[in-house]
Every structure is written in C-alpha cells, then in structure tokens.
Amino acid sequence: MITALTSLLTKPCLLHLTLSRQLSRYIHPISAAPPSPDLYFSNHFINMNAKRGQLELAHQLFDKMPDKNIFSWTILISGYSHHGKSAQCSQLFSQMLSHHRPNDFAYASVLSVCDHRHGLQVHTFALKTGFDSWIYVANALVSMYWKKNIHDAGFEAWRVFHAMDSRNLITYNSMISGLGTHGQCDKALTLFISMQRDGIEFDRTTLLTLVSSLCGRPNDGFMCFLQLHCLCIKTGLSLDVGVKTALIKGYSISAKEFNACRKLFLETNSKDRDVILWTEIMTVSAEWDPQQALILFNQMRKDDLRPDHYVFSVLIKACANLVMEQAVSAVYCRVIIAGFDNVLELSNVLIHGYARCGSIHNAERVFDEMPKRDIVSWNSILKAYAVHGKAEEALGFFRRMDVAPDETTLVAILSSCSHAGMIKEGITIFDSMENKYGILPKLDHYACMVDILGRAGHLSEAEKIIRQMPMEPDHVIWSAFLGACRKHGDANLTEFASLKLKELDPENSLGYVLVSNIYCSNNSFNEGGFIRMKMNEIGVKKEPGLSWTEIGNRVHEFASGGQRHPQIKEILQNMEVLLQQLKKIGYVPETNLVLFDVEEEHKEEQLYHHSEKLALVFALMNASDSNRVIKIIKNIRICLDCHNFMRLASKFVGKVIVVRDANRFHHFKEGECSCNDYW
DNA sequence: GTAGGGTTAG
C-alpha cells in the first residue's frame, strides 16, 4: 500500500495544481446539525430533476439554494455522472472541494465518467484522503483503468485490486471484463476460479463476459468455452437471451460450428428473441450462408422487431458476400428510409460492399459524399483500391488522409503496391513504418512484402525477408511465397516452402498441388500422380474451381467442367462459336497449363471448361445490348489462359468484363485488363 | 430521512 502510494505520488502528472491547492483546504467539519426540512426537500427536488436528465434545471436549483449540504453536491455530481456528462461532473467535483470533503459517493461518480488525466488526479486525491480502498471508489478505479487505452492499464487495475480490503461481485466482474477485453482470457478464467474461492457467487454478467472473452481464443479455448456453456446450462443462465447471443458468437468464432449456432437460436422462444440476438444469427449466417441472412431479416420483420443500424450493416455485408450490387443498393434505400443514412459505420460498410461487388465507382461515390470520415472509412476505400488494382489512387488517398494511419492502412497500401508491382514504393513505405508512422510491422505487413518481392520475381529477397522477420512466419507468409514460386518457378524453393506450409496448415492443398504440378510440367506424371494420391489418402482436397454470375435476380453457379449446369449443351455450342471468333483475333490456348498426360486436343477442351469461361458464355447468352458490364466471381485465382480469353472477349463483344478471383478484381475492357497482366 | 459503483450480446 505504501509502495503503491509512493509510486503514484512520484508521478509528476498526478499533482494537479488546482487540486493540490484545494487539498490543504479540504478538511471541513461535517455538520452534525440535522438539515432543515427546506434543504431536505430541495435535495429531493434536485435529485428528481437530475435523474430525469433535466440537468440544467437541477443545476439552476442547486445554484439558488441558500444552504447546501454534502447531499446537494453528490446528488448533482451523480446526476451528471449518470448521464455521462464528464466535463460538468469533474468541474462540480473540483468546486465541491472548497466546501466539503468528498465522500465515496462523489469519488465513485466522478471516476466513472472522467477522462484518464483527471482520473489520475482524483485517484491521487482519494489516496491522500484514504478513500482509495473503499469498495465503491476502488471498483470505479478498477473499471476506469481498464477502460483507458493506456499501456499499463492492467498494471494499475491490478494494483487497485490488490490494495482492496474486501472485494465484491462488481470488483470481480470489472476485473474479468477488463482482462477479457485486453486479450488476457487465461487470467480472466483464473480470477473466475479465485472469485469462487473468495466466496463470491457469479452472476449473468460474469458468465456473459467470460463467454464473450473466450471467443476466438486459440488451442484449448474451445474446451473452456464448452465448460462454460455447461455451467450456463447448469445455472439456468443459458436461457438468458444475452448469454445465448454470446454463446452463438462463441460457437461461430471458436469452432466454426454453424449448426450449433442455428440450434441455439432456434431453441430460443420467439418472444424472447431481441434485435441483438437476431443481429448475431444474421452475422453468423452472412458468413456461412448469406442468402439465409436475408431470409432471417424478413423473419425478424415479421416478428415486429424494428431493425437498427447494426442490422442494416449485417444486411449489407450479406449482400456483399452474395456479390449482388443491386441488393446492396436496395438495402441502402431502406437505410435512407429508416433515417440511418448519416451513420458513419453504415457508409463504411457500404464502401466495402460496393467494392466487393466490383463497383469501385459506387464505393468512391459513397466515400466522397460522406460528411465525416474515420480511419475505417479511409481503410475501406484504400482496401477497395488495393483489390481493384488502383495503386496510384490508393497512394494519392494515403497522402491526403486526415487521420493517422493504423496497421490496417499500411496493409492496404502495401497490398496496393503488391497488386500493381510497385516494388520501390512498397519497400520505401515498409521501411518507414516504424519511424514515420510509429507502427511495428506485423505478420500481415511481412506477408505483403513477401508478396511484393516474390510476385516481381525477387525470390531470394522474399526468402531473406522470411528468414529475417522477428516472428515465426505463418501459413499466410508461406502461401504468398509459394504463390511467387508458382509464377516464377523454382523447384527447390517450391518443395521447401511446400514442406513449411504442410507443417503449418496441413489441410492447405496449395503446397501439394504446386509440387505435383512441377513434376507434371517436367512430364514426371507418375510422381505427380503419387502426390495427388497422397492428398486423397490424407483427405486434403484441392478447392474445385467455381464461378458465379448474376442474371436477372438469380445467381448462376458454374463448376469447372460445367456438367452440373442444365444448359451445358447450349453453353458449349455458344463457346465453340466464340472460340473461333477469338482465335481469329489472336487467342492461342495455353495448353501447357494443362498438366495431365492427355492428348493436345483434350488439353484444349479442358481449358474451355474452366468455370469462368462457362460463366462468361452464359452471361453473354442472356445479356441485352444495354447490359454493358458482365460480372463474374471466381473462388480461386484466374489462370493465364482464361485471362487471355477474357481480354480478347471484352474486345470482341464490346462489353466490360469484371472478374473477381480469389485475390483481386480484373476489369477487362477493349482487350486490356486493369491489372496490366500483372497478377 | 436524501446520493452511489460494474458489465452486458451486435
């Protein structure tokens, strides 16, 4: 305690001049005389108004009081605190010091709303007056320290916690929540156990906080999560709609257990489902089954629940995942009707939504029309430019940002440089991250650098980055490196990187496929086949090529080979006609991309059955003359042959063809691609 | 006789 006191008092910033001056005068005798009936009723009247939020009136009444006691002061201070009026609350607290010695009511009220700087001063003052370990004051201090975004928030909170004579449920809940939100869920769990040793029973908040802090925790996190779910069932708290929402989030993030999420939602009595529960299940669905998220929205409306801006945000994400631009616009109309069009978060998600649907123009329009922007707005437009290969625009916007860039900004910018082959710019920005922007490069930034260098063919420099990075490279880094190996072919490096990728991500097929391809391209079909066999044995599957295109209000899916599509015969007939036309203007099939031991004409045939080509032919069969843009979405990266095909097709049919592959957008127009054939 | 503290799921 003495150490804590000495340490706090030695911090120069703690000694605020005004408060120090007040300190010498704070000792006022607490009046022993009973308050007059007038004073008593005036206090009640002020309290009534302050609680109702009539703070101005309450303050006027307070000012007019001929006599005030400590209740008058604490009633108004707590009124301001209750309504989050931080500045007024702190000011009144300072004024109070000239008249009364603050009590635990006043300390707790001011601490729960004041900023960090003032909070430290109040803490110092509480220490000097001996109130710092009073349970209400200490609880407010614990919470204050965790809430402040400072480096040693946890240290200060623990110090207060340890100095307390006794602790209650609120103390533990505040600590558990603080630990959880600062990513220290192990410590939160330990404290949860010691709480029970301390004889303090947990409540719904304790479990709710613990469950949500365990979401996304790696390794044994899911086992702890399951134990907590059992505890929720045992205590009957699993019936609580808030706990249920947290459990759904947990099953979705920790275990990707979509069915468990759905079961939890369905077993909730429909009259108990609130907007937050609906939002959570829609959020989960937007990732797993976006169409289902839209169905859920309609069900929610039937239950007479009014969507708020969180609901609309999820809806836009679901439409973006469905890559249905018209649906994004339709939701936006509803956003306007509901009066949420000025909500910053919704504009941010719209930028993302339009960009994901291939409409960079609409993403730009939303960004331009925003009256206010935050870091997420800037990051969203920068990411949009990155994925659409508009590096010049991204760099221009980056230079004119009016908020400090963060880690995401730098990832977006480096990824822009990578997509556009801007090696020099990328290296300069990466090297200046720490000094110029105060951001230490993390895994994502290193992955971008490996991509920038590797994609440009500087394999040894990329390898050097991997060897020299201060943390262990993860599967993303090795995938980026393998991607570069695929493009610039180095058999030894490919084998080495494949081994690394298999270690870190055994289910990732990339390593197996690439090594197999190297063998096949050297005509070593037996070895290549052996690797494919090995993949089957251990259950690693290569993601099959799929493409989607929207015709009318329906999304049509095409698998590589196309046999599943009911109109495949017609599509192949039209394909043949288009092929002959494209061959006349320079299309040459890249048959060396087909690595199977088959005859040349069969190789050509395999190329024509790639899903994006089938999607294009189908879209052309159904497109009207006014339909100037054809959009195709692909789950894996576009191959060189399809890229050539799309380029020439855009010239021949006189339409813009937008293809989104696993990595980026390609805008094909008049025989050229926005990626300048660099991808 | 009057005035409190925490968290909470999107």
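Residues numbered from 1 in each chain as written. Chains lettered and ligands numbered in written order. Predicted model: local features only at pLDDT ≥ 70, side-chain atom pairs only at ≥ 80, totals over all residues. Heavy atoms only, no water.

- Per an unreviewed UniProt entry, chain A carries the name DYW domain-containing protein and comes from Castilleja foliolosa.
- In its Sequence similarities (unreviewed entry) section, UniProt records this for chain A: "Belongs to the PPR family. PCMP-H subfamily." (UniProt positions renumbered as here; feature names shortened; annotations may be inferred.)

**A short note on the overall build of chain A**
Right, so step 1: Assigned secondary structure in chain A consists of 36 helices and 6 strands.
Right, so step 2: The buried share of chain A, reckoned over its 679 residues, is 49%.
Right, so step 3: Considering only intrachain contacts with a sequence separation of at least 6, the fraction spanning at least 24 residues in chain A is 61%.
Right, so step 4: Taken as a whole, chain A presents about 34,000 Å² of accessible surface, with 53% of it coming from carbon and sulfur.
Right, so step 5: Looking at chain A, you have 71 positive and 73 negative side-chain charges, and the mean spots of the two groups are 4 Å apart. (Helix = DSSP H or I, 4+ residues; strand = E, 2+ residues; numbered from the N terminus. Buried < 20%, exposed > 50% of the residue type's maximum accessible area, 1.4 Å probe, protein only. Contact = heavy atoms within 4.5 Å. Areas by Shrake-Rupley, 256 points an atom, 1.4 Å probe, with all protein chains shown as cover. Lys, Arg positive; Asp, Glu negative; His and termini not counted. Charge placed at Lys NZ, Arg CZ, Asp CG, Glu CD.)

**What about the environment of leucine 111?**
Right, so step 1: Residue placement: leucine 111 occurs in helix 7 (residues 104-111).
Right, so step 2: According to the relative accessible area criterion, leucine 111 is buried, its value standing at 1%.
Right, so step 3: Leucine 111 sits 30 residues away from leucine 141 along the chain, and the two C-alpha atoms are 6.5 Å apart.
Right, so step 4: Leave out the neighbours within four places in its chain, and leucine 111 touches Gly119, Val122, Val137, Ala140, Leu141 and Met144.

**Points about the packing of aromatic side chains**
Right, so step 1: For the structure on display, the rule yields 25 aromatic pairs.
Right, so step 2: On the numbers, 5.5 Å between centres and 90° between planes, the contact of tryptophan 158 with phenylalanine 161 is edge-to-face. With tryptophan 158 and phenylalanine 161 both in helix 10 (residues 153-163), this residue pair falls 3 residues apart, about one helical turn.
Right, so step 3: Residue phenylalanine 161 is classed as buried on the basis of its relative accessible area of 5%.
Right, so step 4: On the basis of an interplanar angle of 5° and a centroid distance of 5.3 Å, the ring pair of phenylalanine 258 and tryptophan 288 is categorised as stacked. Linking phenylalanine 258 in helix 16 (residues 258-266) with tryptophan 288 in helix 17 (residues 275-288), this pair joins segments that are 30 residues apart in sequence.
Right, so step 5: A relative accessible area of 44% means that tryptophan 288 is categorised as partly exposed.
Right, so step 6: One aromatic cluster is present, formed by Phe93, Tyr107, Phe125, Phe131 and Trp134 through successive ring pairs.
Right, so step 7: Over the face of the ring belonging to phenylalanine 161 we find arginine 167, whose NZ or CZ atom lies 4.4 Å from the ring centre.
Right, so step 8: Cation over ring: arginine 273 sits above phenylalanine 265, and NZ or CZ is 4.4 Å from the ring centre. (Phe/Tyr/Trp six-rings, centres within 6.5 Å; stacked < 30°, edge-to-face > 60°. Lys NZ or Arg CZ within 6 Å of the ring centre and 35° of its normal.)

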